[in-house]
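Geometric and topological summary
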Amino acid sequence: MQGTFLGGAGEVGRLGLVLGRAGSRLLLDYGLAPEDPPQYPKPAPPVSAALVTHAHLDHAGMMPAIAHESPAPIYGSGPTLDTAELLCQDCLKVHRIEGYGTPYKDVAVDQMAADARPIRMRSPFTVEDWEIQAENAGHIPGSCMYRLQAGGSSLMFTGDLNTTESQLVDPAEPIACDTLIMEGTYAGREHPPRRQTENEFTQAVRATVEAGGTCVIPAFAVGRTQEVLLVLDEMDIDRPVYIDGMGARVTELFLRHPYFLKDADRLERVYNDAHRIRGHRMRQQATEPGNIVVTTSGMVEGGPVITHLKHTHDDPNNSVLLTGYQVEGTGGRRLLDEHRVDLDGEVVNVNATVDHFDFSGHAGHSELVDFAEGCRPETIVLCHSDEPELLVDDLESVAERVIAPNTGEVFTVP
Ligand SMILES: [Zn+2]
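Let me begin by describing the structure that accompanies this report. (Residues numbered from 1 in each chain as written. Predicted model: local features only at pLDDT ≥ 70, side-chain atom pairs only at ≥ 80, totals over all residues. Heavy atoms only, no water.)

**Examining the overall build of the protein chain**
Counting its regular elements, the protein chain contains 13 helices and 22 strands. Taken over the C-alpha trace, the protein chain has a radius of gyration of 21 Å; the compact-globule value for 414 residues is 22 Å, and the two agree within 12%. Dimensions of the protein chain along its principal axes, counting C-alpha atoms only, are 65 × 45 × 40 Å. With 414 residues in all, the protein chain has 59% of them scored as buried. Here the contacts in the protein chain between residues at least 6 apart in sequence split such that 69% fall between residues at least 24 apart. Accessible area for the protein chain stands at about 16600 Å²; split by element, carbon and sulfur atoms hold 44% of it. One way to put it: in the protein chain the 32 positive side-chain charges average out to a point 6 Å from where the 62 negative ones average out. (Helix = DSSP H or I, 4+ residues; strand = E, 2+ residues; numbered from the N terminus. Rg over C-alpha atoms; globule rule 2.2 N^0.38 Å. Buried < 20%, exposed > 50% of the residue type's maximum accessible area, 1.4 Å probe, protein only. Contact = heavy atoms within 4.5 Å. Areas by Shrake-Rupley, 256 points an atom, 1.4 Å probe, with all protein chains shown as cover. Lys, Arg positive; Asp, Glu negative; His and termini not counted. Charge placed at Lys NZ, Arg CZ, Asp CG, Glu CD.)

Structural data, given as structure tokens:
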């Protein structure tokens with residue numbers, strides 16, 4: 001079997017992998033890096049089918065290009081396919097607003113939806129002579145790893161994976177395979193225990209609202225908004241929770257696929273109990289003292305969070321609680337490092353408390369090593385990592401061969 005990364009080897013973002021054997025080719029994930037300017041993977045060759053692990057743009061954002069240029073069935077879970085369609089439409093909108101060219105036309109997103117083939121977890125299907133099975137990846141609702149069998153050997157592609165217990169989805173379990181192609185986003189970095197993060201987060205929320213302040217919680221739309229709502233629900237605190245931005249629509253999409261959620265009834269209840277912000281007046285009311293606002297964008301890069309920060313940044317009684325990794329150069333990173341924020345072109349000092357909580361959906365370094373050990377592979381191929389070399393030593397005690405190919409390099413596995 002031969003593989004070539006089209007992007008996402010030795011870097012986080014724009015992941016795409018072509019696997020080929022005996023004249024048959026599959027594409028696994030095909031994403032873009034939503035940076036300034038956006039970064040794209042190499043063009044994909046014609047393939048027999050595409051498999052998408054989850055909806056995030058760095059894994060699914062270029063799937064419409066495939067649908068448009070050389071159509072093939074696109075397999076993914078129901079939540080992945082529905083959410084990817086929404087995110088790709090939004091991505092085109094953002095590219096136009098920011099003045100970047102678009103990587104495909106709107107019609108390509110419709111074509112992707114037409115080519116979509118929803119799969120069921122742990123239910124084998126075949127593409128030519130590949131036998132394929134999706135396994136839970138524990139990253140966001142609907143995220144899966146693909147285990148492929150062909151010619152007597154097995155291979156697993158993890159996409160993004162998480163083995164930590166979260167409130168929203170069950171954690172990933174190791175699956176035996178000959179070759180493991182795994183992500184390494186957190187190579188060299190560990191997460192604090194999840195319970196500790198939840199406790200520190202809820203203490204910070206409680207301290208703010210009980211002192212009469214407003215809590216603004218920037219959260220990614222896909223996965224994090226829902227996780228935060230569930231953590232807030234455990235607090236048993238009688239304060240209004242508002243939800244703003246795309247996170248609300250994504251929650252509704254997820255609720256259409258209850259099988260992929262740990263406790264769909266609970267998510268539905270907390271979502272219905274929250275106030276979904278509709279319109280300018282409601283957005284004004286949301287930041288009244290004692291309220292909690294969960295809003296996009298998670299890295300404070302535009303979206304309704306900017307309006308909420310206009311209303312709250314000046315008052316030291318308020319707090320801004322960041323719930324995701326803040327990439328260098330983003331508004332969230334500036335908030336953390338400089339206590340300043342760009343409010344529609346005007347950079348202002350922030351007097352509200354700013355704090356960060358690690359609710360990552362990725363396995364940390366030790367968890368990646370433990371996961372790999374549980375899969376008992378002969379070969380490990382590392383990808384989706386800025387520093388894959390930090391994992392190589394530990395993984396060499398797990399597998400006979402560990403490689404981290406460059407983008408465009410052809411590698412061979414059994
Ligand atoms: Zn992801």
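Let's pick the thread back up.
**Some words on the packing of aromatic side chains**
The description of an aromatic ring pair rests on the distance of the ring centres and on the angle between the ring planes. For the coordinates displayed, the defined rule picks out five aromatic pairs. Their ring planes at 80° and their centres at 5.4 Å tell us that F201 and F357 sit as a pair that is edge-to-face. Separated by 156 residues along the polypeptide, F201 in helix α5 (residues 194-210) and F357 in the loop between β19 (353-356) and α12 (365-375) bring together distant segments of the chain. Like F357, F201 is buried. Cluster of aromatic residues (ring-pair linked, three or more members): F201, F357 and F359. One Lys or Arg, R189, reaches over the ring of Y186 and ends 4.2 Å from the middle of that ring. Residue placement shows R189 over the ring face of Y325; its charged tip is 5.3 Å from the ring centre. (Phe/Tyr/Trp six-rings, centres within 6.5 Å; stacked < 30°, edge-to-face > 60°. Lys NZ or Arg CZ within 6 Å of the ring centre and 35° of its normal.)

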